[in-house]
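Examination of the molecular architecture
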Amino acid sequence: QVRVVESGGGLVQAGGSLRLSCVASSRTFSSYAVGWFRQRPGKEREFVAAITWSGGNSRLADSVKGRFSISRDSAGIPVYLQMSSLKPEDTAVYYCAATDKSYLYTSTYDYDYWGQGTRVTVSS
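A brief report on the enclosed structure follows. Note that the structure is a prediction, hence the values are computed from the model and not measured.

To continue, consider unusual backbone geometry. Of note, the phi angle at Ser85 is positive, near 50 degrees, even though the residue is not glycine. On the secondary structure map, Ser85 appears in the loop between strand E8 (79–83) and strand E9 (92–99). Classification of Ser85 by relative accessible area gives partly exposed; the value is 39%.

Here is the structure:
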């Protein structure tokens, strides 16, 4: 029912920045939240950030606090993941996911709609 699409990945030097975007092709939820996850080479998918539409509440994983931020535009779409001070260990495929619950879930199992992923490579 909802299609999620991420964009903005690419190759960047360590210390650089990228901004990822996430859009949903249809939004009919009365409550809504978006999460960002990443899958680093050889590792399982992990939580990065989440944001709710109502109130603009957000959460960041400890590994990215102070370097990443999550935000939304004035209309709530798209959702952005601003990544700064990038490190080689940030190299991963980044996935956007959505839920119709207005809660900052950190588990992949709590999200119903997933994008195809966008690849971020950070070189040293």
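Text resumes after the structure shown.
Inspection of the secondary structure puts Arg38 in strand E4 (residues 33–39). We classify Arg38 as buried; its relative accessible area is 2%. Residues Arg38 and Gly117, spaced 79 residues apart in sequence, show a C-alpha to C-alpha distance of 8.5 Å. Apart from residues lying up to four places away in sequence, Arg38 is in contact with Glu44, Arg45, Glu46, Val48, Ser63, Val64, Phe68, Glu89, Asp90, Ala92, Val93 and Tyr94. A polar atom in the side chain of Arg38 sits 2.9 Å from the side chain of Asp90.

Under the defined criterion, the tally for this structure stands at six aromatic pairs. Note on Phe37 and Phe47: the rings are 5.7 Å apart at their centroids and 75 degrees apart in plane angle, and the pair reads as edge-to-face. Taken together, the residues span a long stretch of sequence, with Phe37 in strand E4 and Phe47 in strand E5 (residues 46–52) at a distance of 10 residues. Summarising the burial analysis for this pair, Phe37 and Phe47 share the class buried. An angle of 85 degrees between the planes, with centres 6.3 Å apart, marks the rings of Tyr105 and Tyr111 as edge-to-face. What makes Tyr111 buried here is its relative accessible area of 4%. What links up through ring pairs into an aromatic cluster is the set Phe37, Phe47, Tyr103, Tyr105, Tyr111 and Trp114. Looking at Arg45, its charged tip hangs above the ring of Tyr95, at a distance of 3.7 Å from the centre. Arg45 extends its terminal NZ or CZ atom over the ring of Trp114, reaching a point 5.1 Å from the ring centre.

Turning our attention to the sheet that holds strand E7 (residues 68–72). Strand order in the open sheet made by the four strands is E1-E3-E8-E7, with antiparallel pairing throughout. The two strands at the open ends of the sheet, each matched to only one other strand, are strand E1 (4–7) and E7. Here the average twist between neighbouring strands, direction ignored, is 15 degrees. In the sheet, E7 pairs with E8 via five bridges, with the strands oriented antiparallel. Residue pairing for E8: Phe68 is matched across the bridge by Met83.

Conventions and cut-offs
Residues numbered from 1 in each chain as written. Predicted model: local features only at pLDDT ≥ 70, side-chain atom pairs only at ≥ 80, totals over all residues. Heavy atoms only, no water. Helix = DSSP H or I, 4+ residues; strand = E, 2+ residues; numbered from the N terminus. Buried < 20%, exposed > 50% of the residue type's maximum accessible area, 1.4 Å probe, protein only. Contact = heavy atoms within 4.5 Å. Polar contact = N/O pair within 3.5 Å; in protein donor to acceptor, adjacent residues only side chain to side chain. Phe/Tyr/Trp six-rings, centres within 6.5 Å; stacked < 30°, edge-to-face > 60°. Lys NZ or Arg CZ within 6 Å of the ring centre and 35° of its normal. Pairing = 2+ DSSP bridges. Axes fitted to C-alpha atoms, helices over the stretch in contact; angles between N-to-C directions.

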